[in-house]
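Overview (structure and organization)
Listed below are the residues making up each chain.
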Amino acid sequence: MRPNTPPEESEWIDTYLNNQLTASGKLEFEAEMACDPALQTEVDIRRLLHDVIDEYNLQAEIAAIHAEMMEEEEEVQLTETRVIPMPVSRPVPGEHSLREQLLPVERPLWWKRAASIAAAAGGIWMGYLSFTPITSHDGVSHIMRGAKAKQEQPSSFCYDNYYLGQEHLSNKRPGEAIPHFEQVTDCEVRPYFKDASKWFLAVACLQAGQTDRATTLLNEIRQAADFQYPVTTVDLWKMEWQLRLARLTH
Amino acid sequence: MNQISDCTDEAIVNGILSDDRKALNTAIRCLYDRHTALLKDYVRRNSGSSQDADDVIQVVILNFIKAVRSEQYRPLQGVGVGAFLNTICKRHWLNALSQRERVTLRETEYYETDDQASEGVDELLEQREEMEHYLRQFDRLGERCKQILTAQRRDGLSMKEIADLMGFENERVAINEKFKCIQKLKNLLKP
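First, a word on what this report is: a plain description of the structure on this page. (Residues numbered from 1 in each chain as written. Chains lettered and ligands numbered in written order. Predicted model: local features only at pLDDT ≥ 70, side-chain atom pairs only at ≥ 80, totals over all residues. Heavy atoms only, no water.)

Glancing now at helix H4 (residues 81-99) of chain B. For H4 of chain B, built from 19 residues, the straight-helix expectation of 27 Å at 1.5 Å per residue is met to within 8% by its first-to-last C-alpha distance of 27 Å. A large share of H4 of chain B lies buried, amounting to 15 of its 19 residues. (Helix = DSSP H or I, 4+ residues; strand = E, 2+ residues; numbered from the N terminus. Expected span 1.5 Å × (residues − 1). Buried < 20%, exposed > 50% of the residue type's maximum accessible area, 1.4 Å probe, protein only.)

Pasting the structure below:
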């Protein structure tokens with residue numbers, strides 16, 4: 001039955017246009033429309049309004065997706081972790097020639113990626129050299145070092161100093177380690193221990209802020225023709241880098 | 001960006017024709033994912049800024065959806081989705097450029113010697129101009145009216161649900177409010 005107030009009639013029209021009337025309700029509506037041109041006109045207007053509203057909703061949906069996609073694209077550009085693949089075309093008739101005319105100008109980002117990877121790797125390496133500790137103890141056992149004579153046993157004064165120095169160094173007490181290594185360098189022991197002590201003395205000086213002395217010792221170690229203690233290359237790099245940093249910051 | 005697995009022309013068209021909003025959303029994402037780089041590039045290479053390119057992309061996608069729904073574009077006509085999008089993009093952008101009086105001779109020549117994909121695109125863009133006028137008028141409605149009208153069409157809510165969501169006293173009040181909004185919109189759309 002046709003509603004008798006304008007708001008209800010308006011709702012009735014929407015229900016018809018949304019296909020929500022029952023079969024008999026639909027027939028009734030169309031019968032009313034056939035004999036009432038004003039209702040027919042109103043239905044036409046409401047169809048247009050629906051189109052406008054749908055279009056508005058669609059625009060909003062596209063705009064929302066657009067914003068989301070742009071945000072994702074910006075994130076990709078910021079992190080440079082991946083490249084948005086260019087569209088790969090299938091051989092669709094009519095598309096190939098257009099694609100050729102509209103060749104993408106998006107340049108491959110390989111060089112940017114390579115540069116950022118190199119920068120990141122460089123940063124990690126610098127961080128490693130700057131902040132990881134230099135080996136502060138002699139990892140080779142006394143026997144493995146080839147100690148044979150009784151006098152080279154760790155009970156002697158020199159060896160006690162050697163190990164005490166390492167203990168202080170390992171426990172972040174470089175100031176206390178320095179005199180022990182100085183004692184060993186003055187001892188009559190095998191060159192291995194003298195050289196090892198010189199290296200650990202340099203490490204202790206660096207950690208104690210005595211950069212000049214550490215630099216001098218490092219130069220001596222580098223220039224020594226037959227340095228017995230096997231300092232690793234990485235530890236040498238760490239020492240040099242950390243000395244540079246210490247000079248810059250002081 | 002999550003890669004969408006099925007972005008064939010057929011899947012895109014089916015998504016647009018579907019009543020499922022999720023399918024439409026996926027189809028739009030496919031269009032962005034697979035086709036917009038070329039279109040943006042075209043706009044930027046033809047006197048457009050990145051902002052112009054972003055605006056054009058949205059208009060192109062909207063027009064493409066309209067073309068599919070009105071059957072002005074059919075996937076089996078021998079024209080790929082990419083080619084059709086390119087044609088809409090070029091036509092729309094060249095129109096915009098001529099309005100700005102910046103169109104070049106080369107572009108004008110190209111405009112006149114376009115390919116088969118251009119059939120129907122001019123008509124599509126003309127209809128678009130009319131709709132743009134209506135949309136501008138719709139935008140002049142108050143936020144509350146826009147909410148009532150769009151929520152019902154977009155989410156298929158009943159007037160009872162709209163009354164609950166928008167804090168109207170009851171369904172009747174919501175129906176009266178909606179009626180007022182429709183009258184207001186009709187007045188705005190009057191020539």
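After presenting the structure, the write-up continues.
Here we come to the packing of helix H1 (residues 6-17) of chain A against helix H2 (residues 23-35) of chain A. All names here are of chain A. Where H1 meets H2, the closest approach of the two axes is 11 Å, and the angle between their N-to-C directions is 115°. Taken as a pair, H1 and H2 cross one another with a handedness that is left-handed. Side by side, H1 and H2 meet where Trp12, Ile13 and Tyr16 of the first sit next to Lys26, Phe29, Glu30, Glu32 and Met33 of the second. Across the contact of H1 with H2, the residue classes break down as five nonpolar, no polar and three charged. (Axes fitted to C-alpha atoms, helices over the stretch in contact; angles between N-to-C directions. Left-handed = near helix turned anticlockwise from the far one by under 90°. Contact = heavy atoms within 4.5 Å. Nonpolar A, V, L, I, M, F, W, Y, C, P; charged D, E, K, R; others polar.)

Reported here for the largest pocket is a volume of approximately 810 Å³. Taken together, 26 residues line the largest pocket, and the ones lying closest to its centre are Asp54 of chain A together with Asp19, Arg69, Arg153 and Arg154 of chain B. If you list the elements that add at least two residues to the lining of the largest pocket, you get H1 and helix H3 (37-79) of chain A together with helix H1 (9-17), helix H2 (21-45), helix H3 (50-69) and helix H7 (143-155) of chain B. Top contributing element to the lining of the largest pocket by residue count: H3 of chain A, with six residues. Here the lining of the largest pocket is built from residues that sort into five nonpolar, eight polar and 13 charged. (1 Å grid on protein atoms, 1.4 Å probe; cavity = no way out; pocket = protein on both sides within 12 Å on 5 of 7 lines; lining within 4 Å. Points joined across faces, edges and corners; volume = space filled by probe spheres on them.)

The terminal C-alpha atoms of helix H6 (residues 121-139) of chain B, which comprises 19 residues, lie 26 Å apart, in line with the 27 Å expected from a rise of 1.5 Å per residue. Buried residues of H6 of chain B: Val121, Leu124, Leu125, Arg128, Met131, Tyr134, Leu135, Gln137 and Phe138 of chain B, and no others.

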